[in-house]
Amino acid sequence: MARRTKEEALATRHRLIDAAEILFQSQGVSKTSLQQIAEQAGATRGAVYWHFKDKADLFNAMMERVKLPMENATRFSAEPSVDPLAVIEAGMIVALRLVTTDPQARRVFEVATQKVEYVGEMASVRLRHLEARNSCVADFEKALRLAARRAQIKLTLPASTAAQGLHALISGLIHNWLLDPEAFALMSVGRRTFNVYLSGLGFDRTGARIDPSADPIALESLAR
């Protein structure tokens, strides 16, 4: 009986998060109340507070269910055979494919970038976004420094600045694609602009290629 109660509680928690995703996307985070989420999930307001401290806690739980683009730490191998730029490109391809093919990831990322205001109880969510962004930029900076050292070139921009620009390029493409998915092909445009950007930093991208049809799991393994 205790196991069944635990499973039922977990099922209720998932229904609440599912309901939050739907309502956050359709009407925005600030205009969605916990009462509305409870009703959408077929639960009580008390059930919401049993599982979550407040709306920000529920929002973060929604975010944690999905591996969002540009939020995953990347470790770079010291092996000379491993190209750090290929690792970054592989991670980018996984991220772009996730947004374009996984409805839940797309919904959550849309909520996180377009449907939330960092005010009131949601102010703490801003810290989560900043930490993820800063971690990703730091990874990019490490990759660019290592790649430049191996290629024996001097970057046309400081590595820290170039890393900020690379992050802005990728996240900006995703953000704009979400605004209008019919405007351009995210995968192909992402790969082309990525290589153009790196060429502008001084890297020779002639012949650089990662098959965009490759298994995402295999691509992710390059970053470990």
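To keep things clear, this report deals only with the structure shown in the data block. Along each chain, residue indices are assigned from 1 in the same order as the chain's sequence is written. With pLDDT at 70 or above as the cut-off, local features in this predicted model cover only qualifying residues; side-chain atom pairs require 80 or more to be listed or tallied, and sums for whole chains, interfaces and linings still use all residues. Excluding hydrogens and water, the side-chain values take into account all heavy atoms of the structure.

Describing the overall build of the protein chain
For step 1, the next point in the chain: Strands are runs of DSSP state E lasting at least 2 residues, helices are runs of H or I lasting at least 4, and numbering of each runs from the N terminus. Looking only at helices and strands, one finds 10 helices and zero strands in the protein chain.
For step 2, the next point in the chain: For the protein chain, the N- to C-terminal ordering of α and β elements is α-α-α-α-α-α-α-α-α-α.
For step 3, the next point in the chain: A simple rule labels every residue: compare its accessible area, found with a 1.4 Å probe on the protein chains alone, to the largest value its type can have, and call it buried under 20%, exposed over 50%, or partly exposed in between. Classification of the 224 residues of the protein chain by burial places 42% in the buried group.
For step 4, the next point in the chain: Considering only contacts in the protein chain between residues 6 or more positions apart, those separated by 24 or more positions represent 75%.
For step 5, the next point in the chain: Only the protein chains shown count as cover for residues, and all accessible areas are computed by the Shrake-Rupley method using a 1.4 Å probe. Carbon and sulfur atoms make up 53% of the accessible area of the protein chain, which amounts to about 11900 Å² in all. Contact criterion: two residues are considered in contact whenever any of their non-hydrogen atoms come within 4.5 Å of each other.

Structural notes on the nonpolar core
Nonpolar side chains tend toward joint burial in soluble globular proteins.
For step 1, the next point in the chain: The set of buried Ala, Val, Leu, Ile, Met, Phe, Trp, Tyr and Cys residues whose side-chain atoms join them within 4.5 Å is what this entry labels a nonpolar core. The biggest cluster of nonpolar side chains holds 31 residues, and the ones touching the most others in it are Leu 144, Ile 174 and Phe 203.
For step 2, the next point in the chain: For this core, the secondary structure elements donating two or more residues are helix H5 (84-101), helix H7 (123-151), helix H8 (159-179) and helix H9 (186-200).
For step 3, the next point in the chain: Per-element tally for this core: the top contributor is H8, with nine residues.
For step 4, the next point in the chain: Of all hydrophobic cores here, the second largest spans 27 residues; its members include Leu 34, Val 66, Ala 105 and Met 122.

Section: unusual backbone geometry
For step 1, the next point in the chain: Of note in the backbone geometry, Gln 152 takes a positive phi value of approximately 55° without being a glycine.
For step 2, the next point in the chain: Here Gln 152 shows up in the loop between H7 and H8.

Brief notes about the pattern of salt bridges
For step 1, the next point in the chain: The term salt bridge refers to a side-chain nitrogen of Lys or Arg lying within 4 Å of a carboxyl oxygen of Asp or Glu. One pass over the structure, following the stated rule, counts seven salt bridges.
For step 2, the next point in the chain: Its salt-bridge partner being Asp 18, residue Arg 65 comes within 2.6 Å of it at the nearest N-O pair. Taken together, the positions of Arg 65 in the loop between helix H4 (55-64) and H5 and Asp 18 in helix H1 (residues 2-27) put the pair 47 residues apart, joining distant regions of the chain.
For step 3, the next point in the chain: The class of Arg 65 is partly exposed, set by a relative accessible area of 27%.
For step 4, the next point in the chain: The closest approach of N and O atoms between Lys 115 and Glu 110, which form a salt bridge, is 3.4 Å.

A short note on the packing of aromatic side chains
For step 1, the next point in the chain: The rule is short: rings of Phe, Tyr and Trp, with Trp giving its six-membered ring, pair when the centres are within 6.5 Å, and they are stacked under 30 degrees, edge-to-face over 60, tilted in between. Under the criterion given, the structure shown has one aromatic pair.
For step 2, the next point in the chain: Arranged with centres 6.1 Å apart and planes meeting at 40°, the rings of Phe 24 and Phe 59 form a pair that is tilted. In this pair, Phe 24 sits in helix H1 while Phe 59 sits in helix H4, placing the two residues 35 residues apart along the sequence. Phe 59 shares its class with Phe 24; the two are buried.

Observations regarding the environment of Val 125
For step 1, the next point in the chain: Counting through the fold element by element, Val 125 comes out in helix H7.
For step 2, the next point in the chain: For Val 125, a relative accessible area of 0% translates into the label buried.
For step 3, the next point in the chain: Other than its neighbours up to four places away in sequence, Val 125 contacts Ala 56, Phe 59, Asn 60 and Tyr 118.

Quick notes on the environment of Ser 160
For step 1, the next point in the chain: Examined against the element boundaries, Ser 160 turns out to sit in helix H8.
For step 2, the next point in the chain: The spatial distance from the C-alpha of Ser 160 to the C-alpha of Arg 145 is 9.1 Å, given a sequence separation of 15 residues.
For step 3, the next point in the chain: Contact partners of Ser 160, with chain neighbours within four places excluded, come to Glu 141 and Arg 145.

Comments concerning the packing of H8 against H9
For step 1, the next point in the chain: Direction vectors running N to C along H8 and H9 enclose 165°, while the axes themselves pass 11 Å from each other. The orientation of H8 relative to H9 falls into the category roughly antiparallel. H8 and H9 meet at a crossing whose hand is right-handed. The segment H8 lies against H9, with Thr 161, Ala 162, Gly 165, Leu 166, Leu 169, Leu 173, Ile 174 and Trp 177 engaging Leu 186, Val 189, Gly 190, Thr 193, Phe 194 and Tyr 197.
For step 2, the next point in the chain: Residue composition of the contact of H8 with H9, by class: 10 nonpolar, four polar and no charged. Convention adopted: a line fitted to C-alpha atoms gives each axis, helices being fitted over their contacting stretch, and angles between N-to-C directions are expressed from 0 to 180 degrees. For this classification, under 35 degrees means roughly parallel, over 145 means roughly antiparallel, 65 to 115 means roughly perpendicular, and everything else is oblique. Take the far helix as the reference: if the near one is turned anticlockwise from it by less than a right angle, the crossing is left-handed, and if turned clockwise, right-handed. When residue character is reported, Ala, Val, Leu, Ile, Met, Phe, Trp, Tyr, Cys and Pro are called nonpolar, Asp, Glu, Lys and Arg charged, and the others, Gly included, polar.

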